[in-house]
Every structure is written in C-alpha cells, then in structure tokens.
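Single-letter residue listing:
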Amino acid sequence: MEGAVRLRRVGVFSPGILRIAQLKVFLGCDHLAFRPSDAQARTLDAVIGWGHKPTASSARTYAQKNGLKYLALEDGFLRSIGPGKREPPLSMVLDDVGIYYDARVPSRLEHWLGARDNDRLSDPGLLRRARCCRERIAESGVSKYNQAPDDLPSEIAQLDEIVVVADQTFEDASVTQGLSTPATFQAMLEAAISEHPDSRIVVKMHPETVRGKKRGYLSELVRRRPSVMVVGDVSPMALLRRAKHLYVCTSQLGFDALLARVPVTCLGVPFYAGWGLTDDRQTVERRGLRRTLDQLVAAVLLLYPRYVHPISGELCAAEEVIEHLALHRRLFAENRRRFFCFGFSLWKRPFVRRYLHAPGGEVRFVATPDRISNIRGDERATAIVWASRKSAEITGWATDRGIPLWNMEDGFLRSVGLGSDLTPPGSLVLDREGIYYDPRQPSELENMLERAEFSAQELERARKLRKRIIDSGVSKYNAVKRRALTLGAPPAQRIVLVPGQVEDDAAVRYGTETSIRENMALLRAVRRTCPDAYVVYKPHPDVLRGNRVGAVRSNGENLWDQLIEHESIAACLALAHEVHTISSLVGFEALLRGLPVTTYGQPFYAGWGLTRDDCRFPRRTRRLSVDQLVAGALLRYPRYFSWTARRFCTAEDMVWELERQSRKRRVISRLPRHVSRLFSLAASAAEWARTREWARAG
C-alpha cells in the first residue's frame, strides 16, 4: 500500500495482533488502543483485525457499529526466515477493501490489478523493479518461508522432470475463502495424475503440516496411491526447478511457480489466478483483465505489502527484504553441516553457534581430535578451528579423514568494545583455504582478490559502503570517547600516523619478511624514512588496556611527536596525511579514505598496487581499485551478525548497528564510572543469558 495515509490511532481487539513486532511501523500509526470502548471510537482512525477470519469478527462488528474503517491485516508474501510465531514478520498487507485470499469479494490487490486506468502498473521504473525482484527470487530461492534446504530427496533429484501438487493446511482461510473444498483437493490430485500419465507426481506438503502443527488435505489420499511421492521440508524453488507443471488450489506455491516460469493449473481461485497467467478451472467475473507477469509481481510484491527492515525496524523496500532472506538461505546452505569446532574458549562458544547456525545443522565443540569417534564417510562433517589455535594435530586429523578444515577469525568491522574484554563480534570470517593475516599460504580472501570478477553493482555498493564508513567513523574497534582531537604539528608539516599492534599477534609474527616485528622497531623505521614528519603514535587498544603485549617505552628516544591513546582511530585518520604500519587494519581503513599507506609487513590489503610495500608479494599480481578491495574484504569475505535483531545481516547493516551502539555507549560513559560499569556488566550478562537460551533452543 504505497503512499498510504498515516494513521494516528488504531483500535486492536486481538492480543496476538498486539504482540506483532513493529506493529506500529507496519500500520504507520502513532498509538494503539486495545479493545476500545464505544466512547473511544471518535478518537480512532481505523480498526484492524486478522484478515476475514472469524477471530476478527469483534473488530469488524465494532468498526461497522461506530462507522470506522476496518483494515484487514495479514502476513505478506515474503514473510520471514522460518514459520511460526517466534519469527517476526518482515512483510504484512493492510487491506482497506477486502483481503487477497478471499475470492468471494474484491480486495485492494484485486483493485490494483483489475483497474484498466491504473497508471502505476504501466510505470516502466516500477516494472523494471518487478522484473529484477522476480529474477532475484528465482535465482536465490526466496519464498514466504526460507528455512527449508535446497537438497531434494535422491529419488527426485535423479528425475529430469516432475509434476508437483501443492497441499495446504486443513480449513485454512485461504482455502475456504478461495472457493476450495476437500473435494477440490481430490480433483486436483486426479487431474495431475490423469493429465500427466507418464510423469512422476510429487505432493509438496505445507511447512506447518511437516512440523506437525496442522493437518493437510492430501495425506490420506496419497497413502492410497503408492506411485505418488511426498516431500516435506524442502525449498519450494528447489522443487520447482525440477517441475514441468504445478497444480494448486490456492497455495502461494503457484505464485512462486510463476516467478520460476513453471506452468500453473489452479483448481481454486488464488490471488494470482484470473489474470491470463494461469490455467484456471474456476473463473471470477471480476477478473477479466490480462496482466503481464511483471505487472502481477509489481502489484503483489511492490504495491500491496509493507516491509520492515529486519535490522533497523523501519519501513523499507521489498528488495531489501529479498536480499536479507537470500543471505540467510545462502548461509544456511553453507552451515547445514556437522561442525566439529576446535580451539574455542568457553566465552566464544555461544556466539560461534550463532554464526554456524542452520536448520538441520549441528555444532559440536571438542577439545582435541581424540574425543571424536570415527566419522569417516560423513559427507557433512566439517572441522572449524580458531585460526590462531590451529595445530599440526588438528590439520593431520582432518587431512587423514578427508574432512574440510575451515579457519575462523574476527572480521574487519567487529564491535563496540574489545575481544579481549569478551565483547561478541559483529563479524567473523570462515576461510576454507588459509586465513587473511597469514601470508605463508594463500587465503580465500587473497585468491578472491587475485581472480574474482566484481560486477558494476557490487563496486557501486562498495563505494557507498566506503563513504558510509568514513561518514560514520566506524572501524574494527569503536572507541566510545570521541572528543575533538588536536595535533601540535605546524600547518605545513606532514603528519604520519603509526598504529601500534599486539606484538605476539599472529598477524605480526607471520606477516612480515623483515626484522620489523615490534612497535619500537616500527617507530624507528618511520623516523628513518620520514625524518621531517610529525609522527603520531596510537597504541593498540588491547595493549592500552593491559590485555596484550606491545607497550613501548621511549626511554628518552624521540620515537614520536604525539601520543594518542583514547581518541578514535577515525579522528586520527581525519588529521593524518599518511599511515605507516606493519600489518594493522588501520592501513586498510586509511586506504578507504584515500590516504597513502606504507606497509612493513604483508597485510591482506598490500601488494595490490594500492600501498608502498617493504615486502615482496609474488602471488599478488593483480592491480586493484580501492572499491574492488572493499568488495572482496567487506562484502564477500566476512559474515555479519546483528546482536540487535539476532540474525545474519549485511556489511551496511553492521555499520549502522556499530554506529548506533557507539552512540548508546557514549551516553552511558557520561554517567558516573561505577554506574556506567554496572550498565556494561548488566548488558553483558543479559547478552550471555540470551545467547545460551538461544543455543539450548537449537
């Protein structure tokens, strides 16, 4: 309902509706009145209820009695990651005419599609969006629910073509109000069998039936027909890619099939029937206008529903929800394994479970390989090791058994707070080949940067992300104290920023060919290289906190002109003219800002023609742009997890979340120290408890 008028106050009669996450945002209203009295009716703009179901009768009666508009609320067509009340909806429809699944009366969707003078459905820009959404959905496998795997049963996977029949939940409103009965479902199955005598018939069960929550229509009929196969928990799009025809009564699977260009026969009257795109066994006289597939998609996905961004909780475009669901489908597919995790301390285990989560997946933490019984031949088995704890024993065990060994490490946009202070990370990397900070062997990131092609859209996204990072001041660790920074350098003097590192960190130990492996050696090298520069030294935050090794004692030696301890790295980069580093991520952040960078080690961002390097990089032959580097290092390589929404997210989402968390932490930091410390401890305890509860729930 694009362009809908904002409501001030809306009446609600259902406690279940009142519990919907972001309900006010979906409605576009300021206040909700629960079970208002007749005297309060004059203060309301509308009343909402759940579709045309009997449970909404009190809301409809109240609206009619008091002369108010009744708005039918229903889940959208791209609802959520999984089914059930625990998964908040990402899209909803709000219909002021009827509701899309009730074919007995018109709906707002039907008005959009049936109006001959609807200029919106002739808008080239809208139709381009619709085509892009249709193609992206077909490619990614996104549907109403998105937890099911793409893996088909072997007896179906070996078939070239199948005919699919869609079952639904018994007496669902979309069935009864879509002009269907149990006899319609029987007729549908008979039609599929008789019209395709030489094809294998496959019945797709509804997700709620698979979960045992509701019963369907076809279960008993199929039992009497052993030649008919049944599938349950499988991705609709994965099934439709093998289908040459689909039979439905009113299931949304028919709409998915149209997006996948599969012919659809409708025995009932779903919302997408009657527009010249389906083979209809019933007709509705109101629907006589022929529509193109892109016009149908524009009305169904772009004009009719409302979408809420999964991270910010604000209204958003359909494309953002599609990409969010596609991201989860991709990561679930990668995670649907049996993970054996080595080298993980107790505090890391709850958040690692989140990053490795997938329906049907398994995560097991193991101290040493000898704790695992024989798992030879298990195709799903995968070993994970925290990269700095990788050992010859673990590598040999995995190699001997033919088990993939993946390396895990913090990502480049990590958190507000330090890992050494037990702050959960907002990003991790899972590298199947090496790890980005160890140049002794190629990593997945290095190979990607050396060989991968980046599309124009991806590079534009990288450019916007780079600008957003600069504007927000976000970095790997985000300092809470952001006071104004002033330097003592004369106006014309060149300012060189030298970021300190943790000296026993693997990035320093493995990441250089030279003798510069300590912060003091780095500072001396900078003084030799830049004798006339104003040197600003910023120690690593873990070293400042006393958590790691790397403190520098100048002992009267002129190692720097100014020491910066607590100001943010973004503030330092804003004043610097160039950066000198061993292998610090600050060098990468400087490249984002267009600053010259000199490296004395072998960080992942060096050797691509963007930095001045002391070391050699024989494997890195490609010359990259900064946006290509960003596309690989920030868009493709890491995984991001929102601790606000508790779901996977994008790099852009993580920048937004880190910026938001920094603002909140700054407010807390202004409180008396003992009070702010209590806030921090309470937040950490609450997060730990939530993560443990989530892990136990699977």
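Values in this document were obtained by computation on a predicted structure and should not be read as measured data.

Reading the values: rules and limits
- What you see as residue numbers is a count from 1 along each chain, following the sequence as written.
- Whole-chain, interface and lining totals are the exception, using all residues; otherwise, since this is a predicted model, local features are given only for residues with pLDDT of at least 70 and side-chain atom pairs are given and counted only at 80 or more.
- The basis for every side-chain value is the complete set of heavy atoms in the structure, and neither hydrogens nor water enter the calculation.
- Secondary structure follows DSSP: runs of H or I at least 4 residues long count as helices, runs of E at least 2 residues long count as strands, and numbering of each begins at the N terminus.
- As defined in this context, the radius of gyration uses C-alpha atoms, and a globule is described by 2.2 Å times the residue total to the power 0.38.
- Between buried and exposed lies partly exposed: a residue is buried under 20% and exposed over 50% of the maximum accessible area for its type, with that area taken using a 1.4 Å probe on protein chains only.
- Between two residues, a contact is recorded if the distance between any of their heavy atoms is within 4.5 Å.
- Lines fitted to C-alpha atoms define the axes, with helix axes restricted to the stretch in contact, and inter-axis angles between N-to-C directions lie between 0 and 180 degrees.
- Helix crossings get a hand from a simple test, with the near helix turned counterclockwise from the far one by less than a right angle marking a left-handed crossing and a clockwise turn marking a right-handed one.
- Residue classes follow a fixed rule: Ala, Val, Leu, Ile, Met, Phe, Trp, Tyr, Cys and Pro count as nonpolar, while Asp, Glu, Lys and Arg count as charged, and any other residue, Gly among them, counts as polar.
- If DSSP finds at least two bridges between two strands, the strands pair.
- Roughly parallel refers to an angle under 35 degrees, roughly antiparallel to one over 145, roughly perpendicular to one between 65 and 115, and oblique to any angle outside these ranges.
- For Phe, Tyr and Trp, where Trp contributes only its six-membered ring, two rings pair if their centres lie within 6.5 Å, and the inter-plane angle classes them as stacked under 30 degrees, edge-to-face over 60, or tilted in between.
- Two limits define a charge over a ring: the Lys NZ or Arg CZ must be within 6 Å of the ring centre, and within 35 degrees of the ring normal.
- Here, a disulfide means two cysteine sulfur atoms that sit within 2.5 Å of each other.
- We define a salt bridge as a contact between a side-chain nitrogen of Lys or Arg and a carboxyl oxygen of Asp or Glu at a distance within 4 Å.

A.B. asks: How should I be thinking about the overall build of the protein chain in this particular structure?
C.D. replies: For the protein chain, the count of helices and strands is 26 helices and 26 strands. For 698 residues, the compact-globule formula gives about 26 Å, and the C-alpha radius of gyration of the protein chain, at 29 Å, lands near that figure. By principal-axis analysis of the C-alpha atoms, the protein chain measures approximately 90 × 65 × 45 Å. Evaluated residue by residue, the protein chain yields a buried proportion of 56% over its 698 residues. Restricting the contact set of the protein chain to residue pairs at least 6 apart, pairs at least 24 apart contribute 65%.

A.B. asks: Could you clarify how one ought to interpret the packing of helix H17 (residues 444-451) against helix H24 (residues 626-636) in this entry?
C.D. replies: Helix-helix packing is described using two parameters, namely the angle between the two axes and the distance between the axes. Across the interface, H17 lies against H24 with an axial gap of 10 Å and an inter-helix angle of 145°. Regarding H17 and H24, the two cross each other, and that crossing is right-handed. Between H17, through Leu 445, Met 448 and Leu 449, and H24, the contact on the second element is made entirely by Gln 628, Leu 629, Gly 632, Ala 633 and Arg 636. Classifying every residue of the contact of H17 with H24 gives 5 nonpolar, 2 polar and 1 charged.

A.B. asks: Teacher, can you tell me more about the pairing of strand S20 (residues 534-538) here?
C.D. replies: Two faces, one strand: in a regular strand the side chains alternate between the faces of the sheet. In terms of burial, S20 is a largely internal element, 5 of the 5 residues being buried. Along S20, one buried face is formed by Tyr 534, Val 536 and Lys 538 and the opposite face, lined by Val 535 and Tyr 537, is buried too. As judged from the 5 bridges shared by strand S19 (residues 495-499) and S20, these two strands associate in the parallel manner. Among the inter-strand pairings, Leu 497 is bridged to a residue of S20, identified as Val 536. Judged from the 2 bridges that link them, S20 and strand S21 (residues 562-563) form a sheet pairing that is parallel. The residue of S21 that forms the bridge with Val 536 is Gln 562.

A.B. asks: What exactly am I supposed to notice about the side chain of Arg 134 here?
C.D. replies: As for its position among the elements, Arg 134 is in helix H5 (residues 124-140). If near-sequence neighbours (up to four positions away) are discounted, Arg 134 is found in contact with Leu 259, Arg 261, Leu 293, Asp 294 and Val 297.

A.B. asks: Could you clarify how one ought to interpret the packing of H5 against helix H13 (residues 293-303) in this entry?
C.D. replies: Where H5 meets H13, the axes come as close as 8 Å, and the angle between the chain directions of the two elements is 85°. Between H5 and H13, the interaxial angle falls into the category roughly perpendicular. Judged by residue contacts, Leu 126, Leu 127, Arg 129, Ala 130, Arg 131, Cys 133, Arg 134 and Ile 137 of H5 engage Leu 293, Asp 294, Gln 295, Val 297, Ala 298, Leu 301, Leu 302 and Leu 303 from H13. Residue composition of the contact of H5 with H13, by class: 11 nonpolar, 1 polar and 4 charged.

A.B. asks: What's the story with the packing of aromatic side chains in this structure? I'm lost.
C.D. replies: Within a pair of aromatic rings, the relevant descriptors are the distance that separates the centres and the angle that separates the planes. Following the criterion strictly, the structure yields 31 aromatic pairs and no others. Taking the centre distance of 5.0 Å and the plane angle of 55° together, the rings of Phe 13 and Tyr 62 count as tilted. Within this pair, whereas Phe 13 is found in the loop between strand S1 (7-12) and helix H1 (15-18), its partner Tyr 62 is found in helix H3 (residues 57-65), the two being separated by 49 residues in sequence. One exposure class covers both Phe 13 and Tyr 62, and it is buried. With a centroid separation of 4.7 Å and 65° between ring planes, the pair formed by Phe 77 and Tyr 100 is classed as edge-to-face. One end of the pair, Phe 77, is in the loop between strand S4 (69-75) and strand S5 (91-95); the other, Tyr 100, is in the loop between S5 and helix H4 (108-114), and 23 residues separate them in sequence. The rings of Phe 77, Tyr 100, Tyr 101, Phe 255, Phe 271, Tyr 272 and Tyr 304 are connected pair by pair, giving a single aromatic cluster. Across the ring face of Trp 406, the terminal group of Arg 432 is positioned such that the distance to the ring centre comes to 4.2 Å. Of note, Arg 509 hangs over the ring of Tyr 510, and the distance from its end group to the ring centre comes to 4.8 Å.

A.B. asks: Explain the state of the cysteines to me, please; I cannot follow it from the model alone.
C.D. replies: Formally, a disulfide is one covalent bond, and it connects the sulfur atom of one cysteine to the sulfur atom of another. Under the defined criterion, the tally for this structure stands at 0 disulfides. The closest cysteine sulfur to the non-disulfide-bonded Cys 266 is located on Cys 249, 9.1 Å from its own sulfur. Residue Cys 266 is classed as buried on the basis of its relative accessible area of 0%.

A.B. asks: Any chance you could explain the sheet that holds strand S12 (residues 305-308) here in plain terms?
C.D. replies: In any sheet, the strands associate via hydrogen bonds between backbone groups, in a parallel or an antiparallel arrangement. Pairing is mixed in the open sheet, where 7 strands are placed in the order S2-S1-S3-S4-S5-S12-S13. The two strands at the open ends of the sheet, each matched to only one other strand, are strand S2 (29-34) and strand S13 (315-316). Here S5 runs beside S12; their pairing, made up of 3 bridges, is antiparallel. Bridged to Ser 91 within S12 is Tyr 307.

A.B. asks: I tried to follow the pattern of salt bridges on my own but got confused; where do I start?
C.D. replies: Any two side chains of opposite charge can pair, on the condition that their charged atoms come close. Applying the stated criterion across every chain yields a total of 38 salt bridges. Salt-bridge contacts for Asp 45 lead to Arg 8; the nearest nitrogen and oxygen are separated by 3.1 Å. Of this pair, Asp 45 sits in the loop between S2 and strand S3 (46-50) while Arg 8 sits in strand S1, and the two are 37 residues apart along the sequence. Judged by relative accessible area, Arg 8 falls into the exposed class, the value being 55%. Among the charged side chains, a salt-bridge network with shared partners connects Arg 330, Glu 334, Arg 432, Glu 444 and Arg 639.

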